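Tertiary structure, described
If you want the building blocks of each chain, they are given just below.
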Amino acid sequence: DFKFSNEPKDYLLFIGRICWNKGTHLAIEVAKKAKKKLIIAGPINEPEPYEYFNQYIKPYIDNKNIIYLGEIGFKEKIKLYQKALATLFPIQWDEPFGNVPIESMACGTPVISFDRAAMKESIKHNQSGFLVKDGDINAMVKAVDNIKKINRIKVRKWAENNFSLDKYISKHEKMY
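Below: a short report on this structure. Only a predicted model underlies this, so the values are computations on that prediction, with no experimental measurement involved.

**Overview of the overall build of the protein chain**
- When helices and strands are tallied, the protein chain shows 8 helices and 6 strands.
- When the elements of the protein chain are put in sequence order from the N terminus, they spell out β-α-β-α-β-α-β-α-β-α-β-α-α-α.
- Taken along the three principal axes of its C-alpha coordinates, the protein chain extends 45 × 35 × 30 Å.
- When each of the 176 residues of the protein chain is scored for burial, the buried share is 48%.
- Considering only contacts within the protein chain whose residues lie at least 6 apart along the sequence, 69% involve residues at least 24 apart.
- Of the roughly 9,600 Å² that the protein chain leaves accessible, carbon and sulfur atoms contribute 49%.
- Positive and negative side-chain charges in the protein chain, numbering 29 and 21 respectively, have mean positions lying 7 Å apart.

Structure follows, in structure tokens:
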């Protein structure tokens, strides 16, 4: 379902739950410093209704440079991945696994993430994206500046070789 694309447009993507743990606010900071458009897609997910969104996200949405689409459908999500220059994944917690990086890489789109938790296993630094020091926004901005050095064909290959359905089935069979 996640078709490869080697023709990105000039925008960054943040996709997933809109909450502190996912670092949506940091994706905005990176995009602004990198002088790139950011498209944000995902449901608002927080214990206090809209507190985080209203304070840290909404003030920056201008529908020109920072665009919030809300929750989107599967086909639209794939199109966003395919055309993004890179997917930002500035997680603020020790994510045990992340579907977003895998889905993005399956479309050939590199991922820029903080180097924490499962990201070392998901993203191959300098091949399928960049892993930067946890919390280092300036390093993320530098990664954005260098993202065109990443070969999108190699990004797709990394995803195929490590996260295909056959790979998952094989791993589960071995575990059971």
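**A word on the pairing of strand β2 (residues 37-41)**
- Burial runs high along β2: 4 of the 5 residues are buried.
- Handedness of the β-α-β unit built from strand β1 (residues 11-15), helix α1 (residues 24-34) and β2 comes out right-handed.
- Pairing of β2 with strand β3 (residues 66-68) involves 3 bridges; the strand directions are parallel. Bridge assignment links Leu38 to a residue of β3, and that residue is Ile66.

Rules behind the numbers
Residues numbered from 1 in each chain as written. Predicted model: local features only at pLDDT ≥ 70, side-chain atom pairs only at ≥ 80, totals over all residues. Heavy atoms only, no water. Helix = DSSP H or I, 4+ residues; strand = E, 2+ residues; numbered from the N terminus. Buried < 20%, exposed > 50% of the residue type's maximum accessible area, 1.4 Å probe, protein only. Contact = heavy atoms within 4.5 Å. Areas by Shrake-Rupley, 256 points an atom, 1.4 Å probe, with all protein chains shown as cover. Lys, Arg positive; Asp, Glu negative; His and termini not counted. Charge placed at Lys NZ, Arg CZ, Asp CG, Glu CD. Right-handed = clockwise from strand over helix to strand, strands pointing away. Pairing = 2+ DSSP bridges.

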